[in-house]
Amino acid sequence: MDLRHDIHRELVVLRERAPEITGALTCTVDGLLVTTDISSGLAISSTEQTAALTSALLSLSRQMTDLARIGRLEETLISAAQGHTACYAAGPTLVLTVLAGPGANLGLLRIEGRRAADRIAAIAGRG
């Protein structure tokens, strides 16, 4: 099976399970876009920039957890006036980024984001 297709299907399932999610993307830890499912109207170039920034954010977040000695990174959550962005390590090679609107249920976002990241990591592990 095509890993990109399977990962994309997980993004679609994630959005179905949490309707407040406006989009999701998966990229490599190096910032290369793997697949995306975004309805917020981001242009392809913006999606690629988001993937690159996701990689940098993951790296910085891992460094922070190491320096603070607080254990393995689970997520990085950014909350802003118009919504939220959460990033999850999806195994050693991929990162999941989830976008949600301003009224999103953050508990649901965190549960479903982690669950999707685990499924994506399992898919990547098959390849």
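Report follows, based on the coordinates. (Residues numbered from 1 in each chain as written. Predicted model: local features only at pLDDT ≥ 70, side-chain atom pairs only at ≥ 80, totals over all residues. Heavy atoms only, no water.)

Position of Thr35 among the secondary structure elements: in strand E2 (residues 33-38). Among residues more than four places away in sequence, those in contact with Thr35 are Arg4, Ile7, His8, Leu11, Leu25 and Thr26. (Helix = DSSP H or I, 4+ residues; strand = E, 2+ residues; numbered from the N terminus. Contact = heavy atoms within 4.5 Å.)

The subject of this paragraph is the pairing of E2. Sheet faces and side chains relate simply in a regular strand, where the side chains alternate between the two faces. With five bridges connecting them, strand E1 (residues 21-28) and E2 associate as antiparallel partners. Counterpart to Leu25 in the pairing with E2 is Thr36. Between the antiparallel neighbours E1 and E2 lie four residues, among them Gly31 with a positive phi of about 95 degrees. (Pairing = 2+ DSSP bridges.)

Moving on: the sheet that holds strand E4 (residues 83-90). Read across the open sheet, the five strands follow the order E2-E1-E5-E4-E3; overall the sheet is antiparallel. The sheet is open, and its two edges are formed by E2 and strand E3 (76-80), each paired on a single side. Shown here is a sheet whose adjacent strand axes are inclined to one another by a mean of 10 degrees, direction ignored. Of the pairings in the sheet, the one linking E4 to strand E5 (residues 94-100) comprises seven bridges and is antiparallel in character. Note that in E5 the partner of Ala86 across the bridge is Val98. Each of E1, E2 and E5 touches helix H1 (residues 3-17); the most contacted strand, E2, lies at about 30 degrees to it. (Axes fitted to C-alpha atoms, helices over the stretch in contact; angles between N-to-C directions.)

Keep in mind that these numbers describe shape and distance, not what the molecule does.
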